[in-house]
Amino acid sequence: MKTKTRREILQALGAVGAGGILSQLRSYGLTAREGRSTEAASGGIRFGVQLNAFPIDPKNFQSFLDTLAQVKQIGYQGFESSFRNVSGQFAAAEPARGSIEQ
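Owing to the predicted nature of the structure, the values given are computational and were not obtained by experimental measurement.

Things to note about the overall build of the chain
Point 1. Looking only at helices and strands, one finds four helices and two strands in the chain.
Point 2. Of the regular secondary structure in the chain, the N- to C-terminal order runs α-α-β-α-β-α.
Point 3. Per-residue burial for the chain yields a buried fraction of 17% across its 102 residues.
Point 4. Restricting to contacts in the chain with at least 6 residues of sequence separation, those with at least 24 account for 44%.
Point 5. Of the roughly 8100 Å² that the chain leaves accessible, carbon and sulfur atoms contribute 55%.

A word on the layout of surface pockets
Where empty space is left can be seen by rolling a probe of water-molecule size over the atoms.
Point 1. What the largest pocket holds in volume is close to 280 Å³.
Point 2. Among the elements that make up the lining of the largest pocket, the one with the highest residue count is helix α3 (residues 61-74) (five residues).
Point 3. Looking at the lining of the largest pocket residue by residue, the classes come out as seven nonpolar, four polar and two charged.

Observations concerning the side chain of Asn85
Point 1. Within the secondary structure, Asn85 sits in the loop between β2 (78-80) and α4 (93-101).
Point 2. Of note is the side chain of Asn85, whose polar atom sits 2.8 Å from the side chain of Ser81.
Point 3. If we ignore the near neighbours within four places in the chain, the residues touching Asn85 are Ile56, Pro58, Phe61 and Phe64.

Each value, and the rule that gives it
- Residues numbered from 1 in each chain as written.
- Predicted model: local features only at pLDDT ≥ 70, side-chain atom pairs only at ≥ 80, totals over all residues.
- Heavy atoms only, no water.
- Helix = DSSP H or I, 4+ residues; strand = E, 2+ residues; numbered from the N terminus.
- Buried < 20%, exposed > 50% of the residue type's maximum accessible area, 1.4 Å probe, protein only.
- Contact = heavy atoms within 4.5 Å.
- Areas by Shrake-Rupley, 256 points an atom, 1.4 Å probe, with all protein chains shown as cover.
- 1 Å grid on protein atoms, 1.4 Å probe; cavity = no way out; pocket = protein on both sides within 12 Å on 5 of 7 lines; lining within 4 Å.
- Points joined across faces, edges and corners; volume = space filled by probe spheres on them.
- Nonpolar A, V, L, I, M, F, W, Y, C, P; charged D, E, K, R; others polar.
- Polar contact = N/O pair within 3.5 Å; in protein donor to acceptor, adjacent residues only side chain to side chain.

What follows is the structure, given as structure tokens:
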């Protein structure tokens, strides 16, 4: 009987875990090739992004809107942002909301 090292056992467990995660993703209709869920297209799972990763100037609302256009072009269905990016628009909330929705 061949013995296994701890490293070999941990590698095997990692592979089993990764296989389990991949099967779960497939059950949701997510494939790495498509990069998005079939449920997202039908209204199920929706993918969003936090805007912290994007260079937004909180003093320039247009930079926020430009980032939203980029996020939409990438294919995200939603976003999360700090209130700092919109706080300058509190006095004119309705026009700002219209711009964000566009």
